[in-house]
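Residue strings, one per chain:
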Amino acid sequence: IMLSLKDIEEASFRKAGMKGYHTGDVDEFLDEVKESYEKLLNDNNVLKAKLSEALEKNRVMTSDITAMRTKM
């Protein structure tokens, strides 16, 4: 299962009594995780768009080559 940005933003943790974590530290870390995750999602979308463009160019070139072979 892939976490969403909303899952990260809304993450909550149970209190662990005397041995718990400082909530400010946890919140700060979650903010960093969220920013990194958001960047990865954006980078992934850019790469998907580039791949789609490359596949379309490949399709067009393949079609052109087939047409040239037919003419020969």
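Everything that follows concerns the structure shown earlier in this document.
Since this is a predicted model, take the numbers as computed values, not measurements.

K.L.:
Sorry, what's going on with the overall build of the protein here?
P.N.:
In terms of regular secondary structure, the protein is built from two helices and zero strands. What you see for the protein is a C-alpha radius of gyration of 24 Å, clearly larger than the 11 Å of a compact globule of 72 residues, by over 25%. Principal-axis analysis of the C-alpha atoms places the extent of the protein at approximately 80 × 20 × 15 Å. Burial statistics for the protein: of 72 residues in total, 4% are counted as buried. Accessible surface, the protein as shown: approximately 7000 Å² in total, 58% of it carbon and sulfur.

K.L.:
Explain the environment of L41 here, please?
P.N.:
For L41, the position within the fold is in helix α2 (residues 23–71). Here the alpha-carbon distance between L41 and L3, two residues 38 residues apart in the chain, equals 11 Å. Beyond its immediate sequence surroundings of up to four residues, L41 is in contact with M2 and L5.

K.L.:
Looking at this structure, I do not really get the pattern of salt bridges. What am I missing?
P.N.:
Counted under the stated rule, the structure contains three salt bridges. When the shortest N-O distance is used, the salt bridge between K39 and D43 registers 2.8 Å. On the criterion of helical spacing, the pair formed by K39 and D43 is a turn pair, its members being four residues apart in helix α2. What makes D43 partly exposed here is its relative accessible area of 32%. The closest approach of N and O atoms between E56 and R59, which form a salt bridge, is 2.7 Å. Separated by three residues within a single helix, E56 and R59 lie in helix α2, roughly one turn from each other. For E56, a relative accessible area of 39% corresponds to the partly exposed category. Owing to a relative accessible area of 47%, R59 belongs among the partly exposed residues under this scheme.

K.L.:
What is the right way to look at a negative patch on the surface in this model?
P.N.:
Residues D25, D27, E28, D31, E32, E35 and E38 make up a contiguous surface patch of negative charge. Looking at where E28 falls in the secondary structure, it is placed in helix α2. A residue is classified by how much of its surface remains accessible, and E28, at 48% relative accessible area, is partly exposed.

Thresholds applied
- Residues numbered from 1 in each chain as written.
- Predicted model: local features only at pLDDT ≥ 70, side-chain atom pairs only at ≥ 80, totals over all residues.
- Heavy atoms only, no water.
- Helix = DSSP H or I, 4+ residues; strand = E, 2+ residues; numbered from the N terminus.
- Rg over C-alpha atoms; globule rule 2.2 N^0.38 Å.
- Buried < 20%, exposed > 50% of the residue type's maximum accessible area, 1.4 Å probe, protein only.
- Areas by Shrake-Rupley, 256 points an atom, 1.4 Å probe, with all protein chains shown as cover.
- Contact = heavy atoms within 4.5 Å.
- Salt bridge = Lys/Arg side-chain N within 4 Å of Asp/Glu carboxyl O.
- Patch = residues over 30% accessible without salt bridge, like charges linked within 9 Å, V, L, I, M, F, W, Y side chains within 5 Å.
- Lys, Arg positive; Asp, Glu negative; His and termini not counted.
- Charge placed at Lys NZ, Arg CZ, Asp CG, Glu CD.

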